[in-house]
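Spelled out from the first residue to the last, the chains are:
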There are 4 protein chains.
Amino acid sequence: MIRIFVTGGTFDKEYNELSGTLFFKDTHLPEMLRLGRSRVEVSIGTLMMVDSLDMTDADRALIVDACREAGEPRIVITHGTDTMVQTAGALAAVFPSGSGKTIVLTGAMVPYAFGSSDGLFNLGSALSFVQVLAPGVYLAMNGRAFEWNQVTKNRHTGVFESL
Amino acid sequence: MIRIFVTGGTFDKEYNELSGTLFFKDTHLPEMLRLGRSRVEVSIGTLMMVDSLDMTDADRALIVDACREAGEPRIVITHGTDTMVQTAGALAAVFPSGSGKTIVLTGAMVPYAFGSSDGLFNLGSALSFVQVLAPGVYLAMNGRAFEWNQVTKNRHTGVFESL
Amino acid sequence: MIRIFVTGGTFDKEYNELSGTLFFKDTHLPEMLRLGRSRVEVSIGTLMMVDSLDMTDADRALIVDACREAGEPRIVITHGTDTMVQTAGALAAVFPSGSGKTIVLTGAMVPYAFGSSDGLFNLGSALSFVQVLAPGVYLAMNGRAFEWNQVTKNRHTGVFESL
Amino acid sequence: MIRIFVTGGTFDKEYNELSGTLFFKDTHLPEMLRLGRSRVEVSIGTLMMVDSLDMTDADRALIVDACREAGEPRIVITHGTDTMVQTAGALAAVFPSGSGKTIVLTGAMVPYAFGSSDGLFNLGSALSFVQVLAPGVYLAMNGRAFEWNQVTKNRHTGVFESL
């Protein structure tokens with residue numbers, strides 16, 4: 001059984017056709033897992049629905065707490081890409097490699113609802129990495145898994161790169 | 001560097017709007033990797049474009065040969081789902097766990113070109129599993145990785161299940 | 001109020017992921033009208049779900065009868081493209097220009113369910129033409145309206161052309 | 001030959017994956033006409049690429065001028081929905097019913113690039129209405145054609161309604 005925590009991010013942004021703006025409603029995770037015909041046993045919980053640029057220290061503390069209280073040793077967190085590395089750092093401070101928990105953060109560059117999204121690819125990737133990687137905190141983006149302190153997001157290209 | 005061999009399967013079926021039938025043209029792999037913003041270094045080769053129900057022993061021998069000649073220790077093979085297990089068996093006979101090669105077969109239940117496909121999810125999954133699994137032959141379907149001799153496709157549900 | 005009769009055709013073909021073949025289930029018309037935010041008052045009836053190459057004289061008689069019994073003076077018929085002209089001819093024999101009925105047949109080259117379909121464009125077109133054209137029998141394809149006896153489908157290009 | 005003028009609007013909004021915001025790049029009109037297999041002869045010109053809430057009197061004067069200079073008697077204008085009625089009024093002041101020009105404005109509630117758009121339906125509708133309606137200025141939305149002074153957009157539902 002894998003625990004999935006939803007925190008918002010581009011992954012789950014939608015288009016409000018009355019206001020013409022982007023907003024958060026419900027997570028698309030269950031629909032995405034159905035589309036991927038996933039048969040991995042998961043339990044999904046939504047912690048918050050925020051743009052990761054708006055994520056506060058209190059939000060990060062809440063994510064850490066949720067991971068601590070989760071009985072499952074394997075956890076996927078969907079997260080905005082802009083501060084994903086920062087949240088991974090907050091998690092790594094509490095869950096060192098020896099903690100027994102494998103935590104994988106993932107996200108998307110384009111909202112799932114917008115057709116040309118990388119979300120389904122990233123979800124397949126994160127859900128696979130979390131099943132086989134040793135305990136630790138990782139980012140799964142661009143088809144790769146990065147240890148939390150070995151990665152940075154290149155703001156000019158939108159690509160996650162090894163340090 | 002990961003080697004990807006394309007053999008056809010539902011993954012790459014398209015709709016011929018003049019005849020109203022399904023057919024194979026070119027593989028969608030490069031487009032799918034672009035959509036997934038994949039930065040995994042890959043080298044793609046198309047071995048054949050066939051429905052896996054039409055795959056012959058000669059086709060399987062060709063796939064085995066291609067894997068033998070590939071210098072890369074990590075290989076993904078896109079394949080129709082109906083005889084994926086059979087091809088995995090042919091590969092396992094030649095590449096035992098001690099062979100040093102990690103080979104992951106994957107496919108799709110719905111063509112990538114048809115919108116509601118599981119293909120992108122499966123590709124993200126296969127590409128992730130192949131980077132971390134120990135040498136051996138595996139199937140990546142439904143978000144899970146199965147050892148080649150521990151899995152069967154349930155024809156009534158379309159789901160891959162552990163033996 | 002506009003009457004819409006569904007007869008099948010490429011419009012409504014779906015992909016059966018267990019058999020890997022195309023088949024008919026339910027019509028996508030209501031979903032398409034919802035996607036198009038259509039507020040045209042319509043009443044939808046499914047007469048049959050067949051590939052128009054398999055349509056028989058009895059099927060055509062049934063379509064003619066349904067149009068005769070319909071109280072609405074404006075009718076859209078979704079139909080396979082291969083014999084759309086033939087069915088239009090059968091209708092025109094019964095509903096001459098003086099009959100008071102405006103009947104517009106339309107269809108699609110690619111199934112609506114397959115993402116890259118012309119179906120939504122054609123439906124918007126047919127529903128618009130039927131509201132303003134004088135009584136008679138027409139085909140709405142390729143953004144144009146053709147009188148039933150002034151059109152042929154070019155089998156090599158898939159395009160409807162004026163005679 | 002039908003003239004199509006592009007002015008922006010939701011129709012052509014795209015998602016900037018680096019900034020996470022909506023923006024305008026190029027019009028999707030040619031791609032949409034290709035998807036719809038349209039064979040209507042058209043000539044497309046982009047006048048501006050703006051959100052219709054940002055459209056100025058100068059912008060509207062430019063649209064009126066473009067229609068005046070266009071040799072074609074039949075014109076489609078893609079436009080944001082929020083001030084479409086206002087631009088239609090500016091056009092009607094210059095092109096009365098007796099002017100010989102049939103002008104149809106259309107738009108979309110959801111960007112074409114976002115998958116679940118009404119854009120293709122509306123384009124099929126506008127392109128059809130413009131071919132058959134008498135000279136005058138109209139809006140084509142929700143599958144219906146409205147005379148410019150007989151319609152209002154309901155801001156709460158996003159639906160265009162008859163006055």
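Before reading on, note that the structure itself is shown above.
This structure is a prediction, so every number in the text was calculated from the model and none was measured. (Residues numbered from 1 in each chain as written. Chains lettered and ligands numbered in written order. Predicted model: local features only at pLDDT ≥ 70, side-chain atom pairs only at ≥ 80, totals over all residues. Heavy atoms only, no water.)

**Q** Account for the overall build of chain A, naming residues and giving values.
**A** Check the secondary structure of chain A and you find four helices and 10 strands. Along chain A, helices and strands appear, N-terminal first, in the series β-β-β-α-β-α-β-α-β-α-β-β-β-β. In terms of overall size, chain A behaves like a compact globule, its C-alpha atoms giving a radius of gyration of 15 Å where 163 residues would be expected to give roughly 15 Å. The dimensions of chain A, computed from C-alpha atoms along their principal axes, are 50 × 35 × 30 Å. Nonlocal contacts in chain A, meaning residues at least 24 apart in sequence, comprise 64% of its contacts between residues at least 6 apart. When the accessible surface of chain A is totalled, it reaches about 6,100 Å², and 49% of it is carbon and sulfur. In chain A, 13 side chains carry a positive charge and 17 a negative one; their mean positions are 5 Å apart. (Helix = DSSP H or I, 4+ residues; strand = E, 2+ residues; numbered from the N terminus. Rg over C-alpha atoms; globule rule 2.2 N^0.38 Å. Contact = heavy atoms within 4.5 Å. Areas by Shrake-Rupley, 256 points an atom, 1.4 Å probe, with all protein chains shown as cover. Lys, Arg positive; Asp, Glu negative; His and termini not counted. Charge placed at Lys NZ, Arg CZ, Asp CG, Glu CD.)

**Q** Give me the lowdown on the relation of the copies chain A and chain B, citing residues and values where you can.
**A** Mapping chain A onto chain B leaves a residual RMSD of 0.0 Å; the transformation is a rotation of 180 degrees accompanied by 0.0 Å of translation along its axis. Viewed as a symmetry operation, the transformation between the two copies matches a two-fold axis. (Least-squares fit on C-alpha atoms with pLDDT ≥ 70 in both.)

**Q** Quick rundown of unusual backbone geometry? Include the residues and the values.
**A** Residue and element names in this part refer to chain B. Notably, Arg-37 is not glycine yet its phi reads approximately 50 degrees, a positive angle. Within the secondary structure, Arg-37 sits in the loop between α1 (29–35) and β4 (42–50). We classify Arg-37 as buried; its relative accessible area is 19%. Unlike most non-glycine residues, Asn-142 shows phi in positive territory, near 60 degrees. (Buried < 20%, exposed > 50% of the residue type's maximum accessible area, 1.4 Å probe, protein only.)

**Q** An account of the interface of chain A and chain B is needed here, citing residue identities and associated values.
**A** Of the residues lining the interface, 28 residues belong to chain A; the matching set on chain B comes to 28 residues. When the buried surface of chain A facing chain B is broken down by residue, Arg-37, Arg-39 and Phe-121 of chain A rank first, second and third, together holding 28% of it. In this assembly, chain A and chain B are joined by zero salt bridges. Across the chain A-chain B interface, the total number found is eight residue pairs in polar contact (both at pLDDT 80 or more). Those elements giving two or more residues to the side of chain A that touches chain B turn out to be α1 (29–35) and α4 (119–132) of chain A. Examining the composition of the side of chain A that touches chain B, we find that 11 residues originate from one element, α4 of chain A, more than from any other. Split by residue class, the side of chain A that touches chain B holds 13 nonpolar, 11 polar and four charged. (Buried area = accessible area lost by both parts, 1.4 Å probe. Salt bridge = Lys/Arg side-chain N within 4 Å of Asp/Glu carboxyl O. Polar contact = N/O pair within 3.5 Å; in protein donor to acceptor, adjacent residues only side chain to side chain. Nonpolar A, V, L, I, M, F, W, Y, C, P; charged D, E, K, R; others polar.)

**Q** Please give an account of the packing of aromatic side chains that cites residues and values.
**A** For any pair of aromatic rings, the description consists of the separation of the ring centres together with the inter-plane angle of the planes. Summed over the entire model, instances satisfying the criterion amount to six aromatic pairs over all chains. Centroid distance Phe-114 of chain A to Tyr-15 of chain D: 5.6 Å. Interplanar angle 75 degrees. Geometry classified as edge-to-face. In this pair, Phe-114 of chain A is assigned in the loop between β6 (102–106) and α4 and Tyr-15 of chain D in strand β2 (residues 13–16), connecting two distinct chains. Grouping residues by exposure puts Phe-114 of chain A and Tyr-15 of chain D together as buried. Joined through ring pairs, the aromatic side chains of Tyr-15 and Phe-114 of chain A together with Tyr-15 and Phe-114 of chain D make up one cluster. (Phe/Tyr/Trp six-rings, centres within 6.5 Å; stacked < 30°, edge-to-face > 60°.)

**Q** Give me the lowdown on the pattern of salt bridges, citing residues and values where you can.
**A** All names here are of chain D. Counted under the stated rule, the structure contains 20 salt bridges over all chains. Across the pair Lys-153 and Asp-82 runs a salt bridge whose closest N-O atoms are separated by 3.1 Å. One end of the pair, Lys-153, is in strand β9 (residues 151–154); the other, Asp-82, is in the loop between β5 (74–78) and α3 (84–94), and 71 residues separate them in sequence. Judged by relative accessible area, which is 10%, Lys-153 ranks as buried.

**Q** So what's going on with the sheet that holds strand β1 (residues 2–8) of chain B? Which residues, and what values?
**A** Residues and elements named next belong to chain B. Reading across the sheet, the six strands line up as β4-β1-β5-β6-β7-β8 and stay open at both edges, with mixed pairing between neighbours. The sheet terminates laterally at β4 and β8 (144–147), the two strands that pair on one side only. Each strand of the sheet is rotated relative to its neighbour by a mean of 25 degrees, with strand direction disregarded. Note: β1 against strand β5 (residues 74–78), four bridges, orientation parallel. Following the sheet pairing, Phe-5 is matched in β5 by Ile-77. Each of β1, β4, β5, β6 (102–106), β7 (136–141) and β8 touches helix α4 (residues 119–132); the most contacted strand, β5, lies at about 155 degrees to it. (Pairing = 2+ DSSP bridges. Axes fitted to C-alpha atoms, helices over the stretch in contact; angles between N-to-C directions.)

**Q** Lay out the side chain of Asn-154 of chain D with the relevant residues and their values.
**A** All names here are of chain D. Inspection of the secondary structure assignment puts Asn-154 in strand β9. Of note is the side chain of Asn-154, whose polar atom sits 3.2 Å from the backbone nitrogen of Thr-157. When sequence neighbours within four positions are dropped, the list of residues in contact with Asn-154 reads Val-159 and Glu-161.

**Q** Pulling in residues and values, what's your account of the sheet that holds strand β6 (residues 102–106) of chain C?
**A** Residues and elements named next belong to chain C. Taken together, six strands build an open sheet; the order of strands is β4-β1-β5-β6-β7-β8 and the sheet is mixed. The sheet terminates laterally at β4 (42–50) and β8 (144–147), the two strands that pair on one side only. The average angle at which neighbouring strand axes cross in this sheet is 25 degrees, direction not considered. One ladder, built from five bridges, connects strand β5 (residues 74–78) with β6; its direction is parallel. When the bridges of β6 are listed, Arg-74 appears paired with Thr-102.

**Q** Requested: an account of helix α4 (residues 119–132) of chain D, with residues and values cited.
**A** Residues and elements named next belong to chain D. With 14 residues, α4 ought to run about 20 Å at 1.5 Å a step, and its terminal C-alpha atoms sit 20 Å apart, in line with that. Among the 14 residues of α4, 12 are classified as buried, and the element is accordingly described as predominantly covered. Those residues of α4 not exposed but buried are Gly-119, Leu-120, Phe-121, Asn-122, Leu-123, Gly-124, Ser-125, Ala-126, Leu-127, Ser-128, Phe-129 and Val-130. (Expected span 1.5 Å × (residues − 1).)

**Q** Can you lay out the environment of Arg-74 of chain A for me, pointing to particular residues and giving the numbers?
**A** Residue and element names in this part refer to chain A. Along the polypeptide, Arg-74 turns up in strand β5 (residues 74–78). Once the C-alpha coordinates of Arg-74 and Leu-133 are considered, the two residues, 59 residues apart in sequence, prove to be 9.3 Å apart. At a separation of 2.8 Å, a polar atom in the side chain of Arg-74 contacts the main-chain carbonyl oxygen of Val-130. From its side chain, Arg-74 meets the backbone oxygen of Leu-133 in a polar contact 3.2 Å long.

**Q** Can you tell me about the side chain of Arg-3 of chain D, naming the residues and giving the values?
**A** Residue and element names in this part refer to chain D. Summarising the element assignment, Arg-3 is placed in strand β1 (residues 2–8). A polar side-chain atom of Arg-3 sits 2.4 Å from a polar atom in the side chain of Ser-43. Once residues within four sequence positions are removed from consideration, Arg-3 is found in contact with Ser-43, Ile-44, Gly-45, Ala-70, Glu-72, Arg-74, Ile-75 and Val-76.

**Q** Any details on the packing of helix α4 (residues 119–132) of chain C against α4 of chain D? Residues and values, ideally.
**A** Two elements in contact, α4 of chain C and α4 of chain D, have axes separated by 7 Å at closest approach and are oriented at 35 degrees. Where α4 of chain C crosses over α4 of chain D, the handedness of that crossing is right-handed. Counting all contacts with α4 of chain C, which are made through Leu-120, Phe-121, Leu-123, Gly-124, Ser-125, Leu-127, Ser-128, Phe-129, Gln-131 and Val-132 of chain C, the residues of α4 of chain D involved are Leu-120, Phe-121, Leu-123, Gly-124, Ser-125, Leu-127, Ser-128, Phe-129, Gln-131 and Val-132 of chain D. (Left-handed = near helix turned anticlockwise from the far one by under 90°.)

**Q** Which residues make up the environment of Thr-106 of chain D, and what values do they have?
**A** Residue and element names in this part refer to chain D. Locating Thr-106 in the fold gives a position in strand β6 (residues 102–106). Here Thr-106 falls in the buried class, since its relative accessible area comes to 0%. C-alpha separation for the pair Thr-106 and Met-84, spaced 22 residues apart in sequence, amounts to 8.0 Å. Aside from chain neighbours lying at most four places away, what touches Thr-106 is Val-76, Ile-77, Thr-78, His-79, Met-84, Asn-122, Ala-126, Ala-140 and Met-141. Here the side chain of Thr-106 touches Ala-140 through a polar contact of 2.7 Å, landing on its backbone oxygen.

Just distances and angles here, no functional claims.
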